[in-house]
Amino acid sequence: MEKVREHWSSKLGFLLAAIGSTVGLGLLWKFPYVIGQNGGGLFLITYFVCIFIVGIPVFIGELVLGRYTQRAAVGSFEVAAPKSPSWRIGGYLGVLASFLIMSFYSVIAGWGMSYVLMSLNGFYTGKSLDEIGMVFDKLSQSGSITLLWHFLFTAITMGIVMSGVRRGIEYWSKIMVKILLVLLIGLFIYSMSLPGFNKACAFVFLPSSNSFSITSVLEALGLAFMTMSLGQGVMISYGSYLQPKENVMKMALIIAGSVLVVAILSALTIFPVVFTFGLPPDSGPGLVFKTLPYLFAQLPGTIVISTVFFALFVFTALTSAVPLIEVVATNIMEHFGTGRKKSVLGVGLATFIFGIPSALSGSVDLFPQWSLIFGSNFLDTINDFVSIWVIPFAGLITSIFIGWKMEKDATYRELVTTTGMKPIWMIWRFFIRYVVPVVIIIIIIQTSGLFDFTKF
Amino acid sequence: MVKNAKQVREHWSSKLGFLFAAIGSAVGLGVLWKFPYTIGQNGGGLFLLSYILCTIVIGIPVFIAELLMGRKAQQAAIGTFTILNKGNDFWKLAPWLGVISSFLIMSFYSVIAGWGMSYIFMSLCDFAKGMSSQEVGNVFSILEKSGDICVLWHFIFTLITMTIVFSGVRKGIEYWSRIMTRALFIILILLVIYNTTLPGFSQAVHFIFYPELANFKFSSILEALGLAFFTLSLGQGIMFSYGSYIRENENVPGLTFVVAISVILIAILGALTVFPVVFSYGFEPAAGTGLIFQTLPYLFAKLPGGKVLAVVFFILFVFCAITSSVAFIEVIATNLMELFQWTRKKAVLLVASMTFIVGIPCAMAASGGIFFDWTSIYGTNFLDTIDRLVSVWLIPIGGLITSLFVGWSWGKKESYDAFIKGCSWKGLWSVWFFTMRWVIPVLIFFIILQKSELIDFDAIL
């Protein structure tokens, strides 16, 4: 690790990698259904606010921390403040988040892979719309098949991380992100012609307080973190590969912008379908799989569009899963001095095993009483636990650490030398020192019911 | 390994050596098992015509291209593209698709071949004696539905293939392969001659050859194309490897024609063996994967010396499968060896055990032992799903990319130089190059367009 690190060859290389990591299942799978569950409008605004006042500052912070220390998550806390080991918990939480996310991520991505095969095999032909929607229930309730895909996705991710084909993946990633964007815009344009489009727009954009609750704020915060790949140690690693002359602020803005664009596009593609065909908007994690096939079945070239969409879905999941496994493995390598191969293999195996109950959560072959005890099935429990608790906490600790513990000069050097603008650094520092921690703490206290701020 | 690859490769000792190896790889289950039932499912006549057209217009040029590229690069599939592609990673998709196809094919191939092995023993016991056609058909259903027996044969077949690849007996196999291919040819002809006496013979000939325009569906052309690729062992990375063993002065187009024509011939013989039985005794022509197992034993039971014939036929069936499956395992293993610098032993062992594992759900596809809900989710059972994924999508798309590469990226001069080595007919090159550059991409593009339901040519025509 003392060697000079590889760096991204160009600004574009980093941007595409970062967008590849952020545009994953967070945006395509989670964002629509979380919006649906939280009643649209008001939730979307909260999400945007979270991105701007919390997401962007923390994003910059993580990149700066990584580039300054040239280490992965836990190591960066170690290097930046060698004498205070307790801060490392920020890094550990990030690694924990990556691990937990990966464990159910590959189940979801596995469903995506299954949909690629189903589309190619023409599962649409001769089925009514309702039957097409029902296929997802069958799939998620068939434990063995879900497990198969979960295994395949984990194995492919591991194979990519271990072998030298990562470069090939970056090549494809550049193409795929562009195709995805074009496809989403195309689908969006078609969705505009659906009768439910107006209703969907009203649902997505008009702030109504229906089914919006205080916990929704925490969910919006978690979603902002999740969709920007924050609080998972990913951006710290990415920062360490970033060249010193790169303007971090600008990059953060570009990435936040593209996250927002893709998020809105995916919401505006899915919800018109939901309202046109009278599907429930709050149907949870299966939303993408249940609704989009309705749309595809309407379109000419069903098989191609459906196959391409789900192939892109899987591909974006892959570009996000690679850093998740890398982060956990790199930290283990740096910490225990194990070889790369061994670490990756160990991490992949561990996430696979830990993902088994998630894969079987629909079929209830394992932990049949889970939903009765915890209120939601295993996959949802882990998913909620990560995005509502682990990631925001990791972000909180990271922001406090960067704002209060890291040398002021270091962040100054990292940011002002590249932007040349001192005021921006001051604003960022104000946010990371005061705004971010205060906002996160208020949200956490409110949600945990310790104190009710709405009384004011 | 890279160093090894630079060494002078072994080459086929003679033209005949290559021909038999190529025909041996091509004449496998594709021709004997897949061809009859696919024809049956797609309504005969016109489908055969589209199959032959696809073989000539698309199959032969791609076959030539794969051989030439392999000979030029002296590498297996992935290595060939790495050497020839001038740094554009896109083209590598073709050999990767090929290796994946080989892998998936091998996984269900050994299940089918395993059924064949089972039928050798069943024939030894005269199982079909005195049974009605319905009962003979039912025996296959019982076999297919007993997952454990299928897994057993699947295991044995994979093991035999692996042993052959491992040990030095490959040479011996090649020796036997020549004899067996001839024997198969003779048996098929004998069976066809007997079939002419059956009442359903003329109906079968009509079914196989008469292009009933009313039945024509543009959508079945992709099926025909996939079958053409499948039966010629194209798009599976195999012919790149074979090409790398061909001498510089060998006439590649000439060899290709011989292979293509023998494949078509044997395929038609196979169909003429199966369908007269189908029509004479009231079998269902669209019965699917089990067609050959359901019909032929009934025929054998009626023949004098049927027991011997049946045993010999299924031995040949299994033998053909072995020569192809050896090629599959070799090709995948060679690519992995060149790619990851693995030893041969490790690569072969890994590939064989992986294909065995992936093949387990194929073996249990009908019994529903694993992935019980598979059919209700994907529309076809596990084996058929994998089979269709490979022959309808992966192989044609791999072929498309190969033809695009040759036509647009390899370079006119390079392909010309490679082409005229051993083939003095220069005019043929222009035809071939034009086909690779325009005809094949456009045709495959239209075929995929139809299959994807973007445009329905069935409705237009």
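What you see is a predicted model; the values in this text were computed from it and never measured.

(A) Spatial organisation of the overall build of chain A. Along its length, chain A carries 19 helices and zero strands. The C-alpha atoms of chain A give a radius of gyration of 21 Å, which matches the 23 Å a tight globule of 456 residues would have. Expressed along its principal axes, the backbone C-alpha trace of chain A runs to roughly 65 × 55 × 45 Å. By residue count, 54% of the 456 residues in chain A fall in the buried class. Taking as baseline every contact in chain A between residues at least 6 positions apart, the subset at least 24 positions apart corresponds to 84%.

(B) Summary view of the interface of chain B and chain A. Taken together, the 18 residues of chain B in the interface contact 19 residues of chain A. Among the elements of the structure, α17 (374-378) and α18 (382-409) of chain B are those that each provide at least two residues to the side of chain B that touches chain A. Within the side of chain B that touches chain A, the residues separate by chemical class into eight nonpolar, five polar and five charged.

(C) Structural detail: unusual backbone geometry. Residue and element names in this part refer to chain A. Backbone geometry places Val 364, a non-glycine residue, at a positive phi of 45 degrees. With 15 C-beta atoms counted inside 10 Å, the residue Val 364 sits in the partly exposed group. Even without being a glycine, Phe 367 presents a positive backbone phi close to 50 degrees. You can see Phe 367 is positioned in the loop between α15 (340-359) and α16 (370-374). For Phe 367, a count of 15 C-beta atoms within 10 Å translates into the label partly exposed.

(D) Structural view of the packing of helix α9 (residues 197-205) of chain A against helix α12 (residues 248-276) of chain A. Residues and elements named next belong to chain A. Between α9 and α12, whose axes approach to 8 Å, the crossing angle comes to 125 degrees. One element, α9, and the other, α12, form an angle in the oblique class. Crossing hand, α9 versus α12: right-handed. Of α12, the residues touching α9 (which contributes Phe 197, Lys 199, Ala 200, Phe 203 and Val 204) are Ala 267, Leu 268, Phe 271, Pro 272, Val 274 and Phe 275. Of the residues that constitute the contact of α9 with α12, the class distribution is 10 nonpolar, no polar and one charged.

(E) How the structure looks around the nonpolar core. Core analysis: the largest hydrophobic core is formed by 318 residues, its most contacted members being Phe 59, Tyr 105, Leu 221, Ala 224 and Ile 325 of chain A together with Val 263 and Ile 329 of chain B. Ranked by residues supplied to this core, first place goes to helix α15 (residues 306-340) of chain B with 20 residues. When residues no more than four places from it in sequence are discounted, the contact partners of Leu 221 of chain A are Cys 50, Val 54, Pro 392, Ile 440 and Ile 443 of chain A.

(F) Structural context of the packing of helix α6 (residues 93-124) of chain B against helix α8 (residues 147-166) of chain B. Residue and element names in this part refer to chain B. At a closest axis distance of 8 Å, the pairing of α6 and α8 adopts a crossing angle of 105 degrees. Judged by the angle between their axes, α6 and α8 are roughly perpendicular. Judged by residue contacts, Ser 110, Val 111, Ala 113, Gly 114, Trp 115, Met 117 and Ser 118 of α6 engage Ile 149, Cys 150, Trp 153, His 154, Ile 156, Phe 157, Thr 158 and Thr 161 from α8. For the contact of α6 with α8, the class distribution of residues is nine nonpolar, six polar and no charged.

Conventions adopted
Residues numbered from 1 in each chain as written. Chains lettered and ligands numbered in written order. Predicted model: local features only at pLDDT ≥ 70, side-chain atom pairs only at ≥ 80, totals over all residues. Helix = DSSP H or I, 4+ residues; strand = E, 2+ residues; numbered from the N terminus. Rg over C-alpha atoms; globule rule 2.2 N^0.38 Å. Buried ≥ 20, exposed ≤ 12 C-beta atoms within 10 Å, placed from the backbone. Contact = placed C-beta atoms within 7 Å. Nonpolar A, V, L, I, M, F, W, Y, C, P; charged D, E, K, R; others polar. Axes fitted to C-alpha atoms, helices over the stretch in contact; angles between N-to-C directions. Parallel < 35°, antiparallel > 145°, perpendicular 65-115°, else oblique. Left-handed = near helix turned anticlockwise from the far one by under 90°. Core = buried A, V, L, I, M, F, W, Y, C linked by C-beta atoms within 7 Å.

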